Amino acid sequence: MVKRNPLILFFVGALVAVMLFAGIRTARNNRANGPANGQLMGATAPDFDLEALDGKSLKLSSLRGKAVLLNFWATYCGPCKVEMPWFVELQKEYGPQGFQIVGVAMDDASTEDIAKFAKEMGVNYPILLGKEAVGLSYGGVNVLPTTFFLDRNGKVIAREFGLQSRSVFVDHIKEALGPGSSERAQK
Amino acid sequence: MKKYLMCAFLLLSAWAFAQEEFGPKGPVVTLSDAPVITVTQGKAVPVPLTFNVAGGYHINSNHPNSDYLIPTALKVEATTDIVIGKTTYPDGKNMSFAFAPDEKLNVYTGDFKVDVLVRPLRSVQPGKYVVRGTLKYQACDNKACYPPKNLPISFDVKIAKAKPAPVANPAQSPHAHN
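Residues numbered from 1 in each chain as written. Chains lettered and ligands numbered in written order. Predicted model: local features only at pLDDT ≥ 70, side-chain atom pairs only at ≥ 80, totals over all residues.

Student: Please explain the overall build of chain B as it appears in this structure.
Tutor: When helices and strands are counted, chain B shows 1 helix and 12 strands. Counted from the first residue to the last, chain B has its helices and strands arranged as α-β-β-β-β-β-β-β-β-β-β-β-β. Pairs at least 24 apart in sequence give 73% of the contacts found in chain B among residues at least 6 apart. (Helix = DSSP H or I, 4+ residues; strand = E, 2+ residues; numbered from the N terminus. Contact = placed C-beta atoms within 7 Å.)

Student: Explain the overall build of chain A here, please?
Tutor: Helix and strand counts for chain A come out as 6 helices and 7 strands. Beginning at the N terminus, the succession of helices and strands in chain A can be written as α-β-β-β-α-β-α-β-α-β-β-α-α. Considering only contacts in chain A between residues 6 or more positions apart, those separated by 24 or more positions represent 76%.

Student: Can you help me understand the packing of helix α2 (residues 78-94) of chain A against helix α5 (residues 166-177) of chain A in this one?
Tutor: Packed helices, taken two at a time, are described by their axes: the angle between them and the distance between them. Residues and elements named next belong to chain A. Axis separation between α2 and α5 bottoms out at 11 Å; the angle between their running directions is 30°. Between α2 and α5, the crossing angle belongs to the class labelled roughly parallel. As for the relative orientation of α2 and α5, their crossing is right-handed in sense. Here α2 contributes Trp86, Leu90 and Tyr94 to the contact with α5, which in turn contributes Arg166, Phe169, Ile173 and Leu177. Residues of the contact of α2 with α5, tallied by class, amount to 6 nonpolar, no polar and 1 charged. (Axes fitted to C-alpha atoms, helices over the stretch in contact; angles between N-to-C directions. Parallel < 35°, antiparallel > 145°, perpendicular 65-115°, else oblique. Left-handed = near helix turned anticlockwise from the far one by under 90°. Nonpolar A, V, L, I, M, F, W, Y, C, P; charged D, E, K, R; others polar.)

Student: Looking at this structure, I do not really get the sheet that holds strand β3 (residues 45-53) of chain B. What am I missing?
Tutor: Hydrogen bonding along the main chain pairs the strands of a sheet, whether they run parallel or antiparallel. All names here are of chain B. Spatially, 4 strands are ordered β1-β3-β9-β6 in an open sheet, and the strand pairing comes out antiparallel. Either end of the sheet is taken by a strand with one partner, and the two such strands are β1 (29-31) and β6 (82-88). This sheet shows a mean twist of 30° between the axes of neighbouring strands, independent of strand direction. (Pairing = 2+ DSSP bridges.)

Student: Honestly, the pairing of strand β9 (residues 110-120) of chain B in this entry has me stumped. Any pointers?
Tutor: Consecutive residues of a regular strand have side chains that alternate between opposite faces of the sheet. Residues and elements named next belong to chain B. Relative to β9, β3 runs antiparallel, the two being bridged by 9 bridges. Bridge pairing in β9 places proline 48 opposite aspartate 115. Inspection of the sheet shows β6 paired to β9 by 5 bridges, in the antiparallel sense. What sits directly across from threonine 87, in β9, is valine 116.

Student: Explain the nonpolar core here, please?
Tutor: Among soluble globular proteins, nonpolar side chains are generally buried collectively. Ala74, Leu144, Leu150 and Ile173 of chain A are the most contacted members of the largest nonpolar core, which has 77 residues in total. The residues touching leucine 144 of chain A, leaving out its near neighbours within four places in the chain, are Phe72, Trp73, Ala74, Cys77, Cys80 and Met106 of chain A together with Ala144 and Cys145 of chain B. (Core = buried A, V, L, I, M, F, W, Y, C linked by C-beta atoms within 7 Å. Buried ≥ 20, exposed ≤ 12 C-beta atoms within 10 Å, placed from the backbone.)

Student: Explain unusual backbone geometry to me, please; I cannot follow it from the model alone.
Tutor: Leaving glycine out, the prevailing phi sign among residues is negative, and the prevailing peptide bond configuration is trans. A cis amide bond, omega 0°, links leucine 144 of chain A with the succeeding residue proline 145 of chain A. Here proline 145 of chain A lies in the loop between α4 (132-137) and β6 (146-150).

Student: Sorry, what's going on with the sheet that holds strand β10 (residues 127-137) of chain B here?
Tutor: All names here are of chain B. Taken in spatial order, the 4 strands line up as β2-β12-β10-β5 in an open sheet, and their pairing is mixed. Of all strands in the sheet, those bounded by a partner on one side alone are β2 (37-40) and β5 (73-76). Across the sheet, the axes of successive neighbouring strands diverge by a mean angle of 35°, strand direction being ignored.

Student: Help me out: how do you make sense of α2 of chain A in this one?
Tutor: For the α-helix, the turn length of 3.6 residues means that residues three or four positions removed from each other point alike. Its 17 residues give α2 of chain A an end-to-end C-alpha distance of 25 Å, which sits within 8% of 24 Å, the value for a rise of 1.5 Å per residue. At methionine 84 of chain A, α2 of chain A shows its largest kink, close to 25°, and the proline proline 85 of chain A lies no more than four residues downstream. For α2 of chain A, the complete set of buried residues consists of Gly78, Pro79, Cys80, Lys81, Glu83, Met84, Phe87 and Tyr94 of chain A. Looking at the buried residues of α2 of chain A, the elements they touch are β3 (67-73), β4 (99-105) and α5 of chain A together with β7 (93-97), β8 (100-108) and β11 (139-140) of chain B. (Expected span 1.5 Å × (residues − 1). Bend = angle between axes of the 7 residues up to and from the residue.)

Student: Quick question: what am I supposed to make of the environment of leucine 63 of chain A here?
Tutor: Residue and element names in this part refer to chain A. Mapped onto the fold, leucine 63 is located in the loop between β2 (57-59) and β3. Between the C-alpha atoms of leucine 63 and arginine 152, which are 89 residues apart in sequence, the distance is 8.2 Å. Beyond its immediate chain neighbours, meaning those up to four positions away, leucine 63 contacts Val68 and Gln100.

Student: I would appreciate a short explanation of the pairing of strand β7 (residues 156-161) of chain A in the present structure.
Tutor: Residue and element names in this part refer to chain A. Relative to β7, β6 runs antiparallel, the two sharing 5 bridges. The partner of threonine 147 across the bridge, within β7, is glutamate 160. Taking the residues that link successive antiparallel strands as the turn, the β6-β7 hairpin has 5 residues, and the phi of glycine 154 there is positive, at about 85°.

Student: When you look at the environment of valine 134 of chain A in this model, what are you seeing that I'm missing?
Tutor: Take valine 134 of chain A: it is sitting in helix α4. Valine 134 of chain A has contacts with Phe48, Leu50 and Val104 of chain A, leaving out every residue within four places of it along the chain.

Student: Explain helix α3 (residues 111-120) of chain A here, please?
Tutor: Residue and element names in this part refer to chain A. Within the sequence span of α3, burial applies to Ile114, Phe117 and Ala118. End-on view of α3: buried residues confined to an arc of 100°, all on one side of the axis. Those residues of α3 that are exposed and angled more than 90 degrees off the buried face are Glu112, Lys119 and Glu120. Each element contacted by the buried residues of α3 is listed here: β4 and β5 (127-129). (Arc of directions from axis to C-beta.)

Student: Even after reading the chapter, I still don't get the environment of serine 154 of chain B, so can you show me in this structure?
Tutor: Residues and elements named next belong to chain B. Secondary-structure assignment places serine 154 in strand β12 (residues 149-160). For serine 154, a count of 13 C-beta atoms within 10 Å corresponds to the partly exposed category. Between the alpha carbons of serine 154 and aspartate 81 there is a distance of 16 Å; along the sequence they are 73 residues apart.

Encoded structure:
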């Protein structure tokens, strides 16, 4: 049996801890504005009131009681385009269980162009016209798509950067809906 | 030896995990050192500017295949002494990406060269002049896109004195009398 020197083990452990600490600090410092996306995890999602394509405004907190998928996207973003048909299906599938997808368009395109794009994609959920301040409150949204998953209390339970597989979304939606949501919907 | 390798692996994993970085860590597009172009007063000369797109990323060409895409465009600031002429962009490459395998996007990757035509006025004092501008681009990788950026650029133009125009001698008539 090889005898392990406890001093070396302690040294390695301490070094790993220091590297972790330094890495986290560096990553946080690298993010220029607003809270880091990671800091939103478990916190109540920053509220906003944005204009939708239909001219009405939507306040995020008005969706309390529903599980929410908050998707930041842009018309110039190819990977965002891949996710949209999935979102259309997921809205249909999980909507009756108290699930709502909200898209926030984060580009400089005109409202007409965003509306045209959304129509081409057959979007069946509200698309809001994003503002920089809202993006900053969500950590800057420097990657598109960026998707947050909120539980029925408006708490951020997960977030994904960049294109993900459909199954990742399904897993997070189920988690956001909470246990027994399908049974509740059937009653 | 195995122990040391394991330690190194652990440290690297810890660092990578802690970083939790997404997206590019620096500018996706950079300008290679622009050559100092010598131009004669009043003459037009193209200035070649070579840009580099970081590995793993692509940016739209100046003529992307969709109206929704943001074209790469160079905006050069007008100066009082140098006339900025046409900007010539290279053709992009038609490429498919993992997020849209059936779609061809017209993009720039790696190095690409943009020519800017400059013409100093005849009246400009010879010397070195700085021309400034910005390159607007919007980058993506295989999984995500990044908001449009403006890369500030500058290049030097050395203006040389034009040779004096030859003075045409008036025809002399043997019978001319002053």
